[in-house]
Amino acid sequence: QVQLVQSGGGLVQAGGSLRLSCAASGRTFSSYVMGWFRQAPGKEREFVAAISWSGSSTYYADSVKGRATISRDNAKNTVYLQMNSLKPEDTAVYYCAADGRGGPIGRSGALYDYWGQGTQVTVSS
């Protein structure tokens, strides 16, 4: 069982930056693929970024590539999402998620077993 607690987010102006954090409980955090997803009002949840258990592999949605960086600190059981050059279209509730399958990184939310509580990110123009 893994519990994910998110922090960060809030209101930021277009062009600004923010960092989201997701702290996990449990001893097996380092074995999980971690991902970030987001859901804007009236839209389906979408993949943002994911990172392998070791941190050596990362994947990004085209919409955030070059502006987002996912990282993890296994010693702190925490995964981060740094977002730069934010745009109004980045406005959404952001969720971190953990995938304990032990397989390759997946972009589908259906592959993730555990989810954080969500945090609102609002980018004003």
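The structure we're discussing is the one just above.
Residues numbered from 1 in each chain as written. Predicted model: local features only at pLDDT ≥ 70, side-chain atom pairs only at ≥ 80, totals over all residues. Heavy atoms only, no water.

S.K.: When you look at the pattern of salt bridges in this model, what are you seeing that I'm missing?
M.R.: Between side chains of opposite charge, a pair can form when the charged atoms approach closely. Under the defined criterion, the tally for this structure stands at five salt bridges. Here D62 ties to K65 by a salt bridge, and the two come within 3.2 Å at their closest N and O atoms. Note that D99 and R101 form a salt bridge whose closest N and O atoms lie 2.8 Å from each other. Judged by its relative accessible area of 0%, D99 is buried. (Salt bridge = Lys/Arg side-chain N within 4 Å of Asp/Glu carboxyl O. Buried < 20%, exposed > 50% of the residue type's maximum accessible area, 1.4 Å probe, protein only.)

S.K.: Sorry if this is basic, but what is going on with the packing of aromatic side chains here?
M.R.: One pair of aromatic rings is described through two measures. These are the centre distance and the angle between the planes. Per the stated rule, a full pass over the model turns up six aromatic pairs. The interplanar angle of 75 degrees and the centroid separation of 5.1 Å between the aromatic rings of F37 and Y112 together place this pair among those described as edge-to-face. Of this pair, F37 sits in strand β4 (residues 33–39) while Y112 is found in the loop between β9 (92–99) and β10 (114–115), placing the two residues 75 residues apart along the sequence. Comparing F37 with Y112, the two get one shared label, buried. (Phe/Tyr/Trp six-rings, centres within 6.5 Å; stacked < 30°, edge-to-face > 60°. Helix = DSSP H or I, 4+ residues; strand = E, 2+ residues; numbered from the N terminus.)

S.K.: Just checking my understanding: could you explain the sheet that holds strand β3 (residues 18–24) for this structure?
M.R.: Through backbone hydrogen bonds, the strands of a sheet pair up, either in parallel or in antiparallel fashion. In space, the four strands of this open sheet follow the order β1-β3-β8-β7, with antiparallel pairing throughout. One side of each edge strand has no neighbouring strand; the edge strands of this open sheet are β1 (4–7) and β7 (68–73). Each adjacent strand pair in this sheet contributes to an overall mean axis angle of 15 degrees, direction not counted. (Pairing = 2+ DSSP bridges. Axes fitted to C-alpha atoms, helices over the stretch in contact; angles between N-to-C directions.)

S.K.: Please clarify how the nonpolar core should be interpreted in this entry.
M.R.: The tendency in soluble globular proteins is for nonpolar side chains to be buried side by side. By size, the foremost hydrophobic cluster in this structure holds 37 residues, and its most contacted members are L4, M34, W36 and L81. Residue assignment for this core shows that the elements contributing at least two residues are β3, β4, β5 (46–51), β7, β8 (78–83), β9 and β11 (119–124). (Core = buried A, V, L, I, M, F, W, Y, C linked by side-chain atoms within 4.5 Å.)

S.K.: Would you take a moment to explain the state of the cysteines for this structure?
M.R.: Joining two cysteines, a disulfide is a covalent bond between their sulfur atoms. For the coordinates displayed, the defined rule picks out one disulfide. Linked covalently through their sulfurs, C22 and C96 form a disulfide whose S-S length is 2.0 Å. Measuring handedness by torsion sign, the sulfur bridge of C22 and C96 sits at about 60 degrees and is right-handed. Remark: C96 occurs in strand β9 and C22 occurs in strand β3; sequence separation between them is 74 residues. The buried category is assigned to C22, whose relative accessible area is 0%. Its relative accessible area of 0% is what places C96 among the buried residues. (Disulfide = S-S within 2.5 Å.)

S.K.: Sorry if this is basic, but what is going on with the pairing of β9 here?
M.R.: Of all eight residues in β9, six are buried; the element is thus mostly enclosed. For β9 and β11, the ladder comprises three bridges, and the chain directions are antiparallel. The residue bridging Y94 from the neighbouring strand is T119, located in β11.

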